[in-house]
Amino acid sequence: GPKVLQIPSHQIIDMGQMVTLNCDPVSNHLYFYWYKQILGQQMEFLVNFYNGKVMEKSKLFKDQFSVERPDGSYFTLKIQPTALEDSAVYFCASSSDRDNQAPLFGEGTRLSVL
Amino acid sequence: QQQVRQSPQSLTVWEGETAILNCSYENSAFDYFPWYQQFPGEGPALLIAIRSVSDKKEDGRFTIFFNKREKKLSLHITDSQPGDSATYFCAASGPGANTGKLTFGHGTILRVHP
């Protein structure tokens, strides 16, 4: 079936550096999301993106975070600068406009900020 | 404030038994409830979903029972198999078409013993 791909699967970075997490959503999907999951806790909504714009963001989506999808390529989450508390698994998800279906999730990128 | 609650935190059943996973929510505006299955190291996979206009949704061995008045729902897994061992997340969204902005519970860890 259709899949959301995330690259890389694991990223280790020093605190203060910039990191970009990449997501290749399902090809005909129009809505894109990022979620954050800290080990042992539930997944939490960060942001959703539609038609080139951020539609809604949560309080977890700090000023250091940004998202974009330039020219229909990867949907990216950029964190600049990173902080220790950004260590988590970040899940990308996408959904179509049809039938208001629940989003499909990728396998996640584990971000370790040292 | 935890808007979506799941119980039990963990559940162990024998192969062939019915596993019952519970979920409750606080926000009356929630109208769409997907359940996700997550194996270690993987992303959550959509299992089954229900809208608040229905009180039951069935898909093979998986059934959601929904009680709108009490703001409760449950996932029943009949004839449980060892391969069903995973973490199950109840999620909620609404109102309206933005079904991708999900509020997740903390999950129930299901273990099925052969």
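Residues numbered from 1 in each chain as written. Chains lettered and ligands numbered in written order. Predicted model: local features only at pLDDT ≥ 70, side-chain atom pairs only at ≥ 80, totals over all residues. Heavy atoms only, no water.

Q: Account for the interface of chain B and chain A, naming residues and giving values.
A: A common way to state how big an interface is: give the accessible area lost once the parts meet. Contacts between the two partners involve 21 residues from chain B and, on the opposite side, 18 residues from chain A. Buried surface at the junction of chain B and chain A, both sides included, amounts to about 1,600 Å², of which 50% is carbon and sulfur. Linking chain B with chain A are 6 residue pairs in polar contact (both at pLDDT 80 or more). Of all the elements, strand β4 (residues 32-38) of chain B adds the most residues to the side of chain B that touches chain A, at 4 residues. Among the residues making up the side of chain B that touches chain A, the classes are represented as 9 nonpolar, 9 polar and 3 charged. (Contact = heavy atoms within 4.5 Å. Buried area = accessible area lost by both parts, 1.4 Å probe. Polar contact = N/O pair within 3.5 Å; in protein donor to acceptor, adjacent residues only side chain to side chain. Helix = DSSP H or I, 4+ residues; strand = E, 2+ residues; numbered from the N terminus. Nonpolar A, V, L, I, M, F, W, Y, C, P; charged D, E, K, R; others polar.)

Q: Lay out the pattern of salt bridges with the relevant residues and their values.
A: Scanning the model with the defined rule gives 6 salt bridges over all chains in all. In this structure, Glu56 of chain A engages Lys101 of chain B in a salt bridge whose closest nitrogen and oxygen atoms are separated by 2.6 Å. Remark: Lys101 of chain B occurs in the loop between β9 (86-92) and β10 (103-104) and Glu56 of chain A occurs in strand β6 (residues 53-57); the pair is interchain, linking two chains. Residue Glu56 of chain A is classed as partly exposed on the basis of its relative accessible area of 31%. Here Lys62 of chain A ties to Asp86 of chain A by a salt bridge, and the two come within 2.8 Å at their closest N and O atoms. Taken together, the residues span a long stretch of sequence, with Lys62 of chain A in the loop between β6 and β7 (65-68) and Asp86 of chain A in the loop between β8 (75-79) and β9 (88-95) at a distance of 24 residues. Asp86 of chain A sits in the buried class, given a relative accessible area of 1%. (Salt bridge = Lys/Arg side-chain N within 4 Å of Asp/Glu carboxyl O. Buried < 20%, exposed > 50% of the residue type's maximum accessible area, 1.4 Å probe, protein only.)

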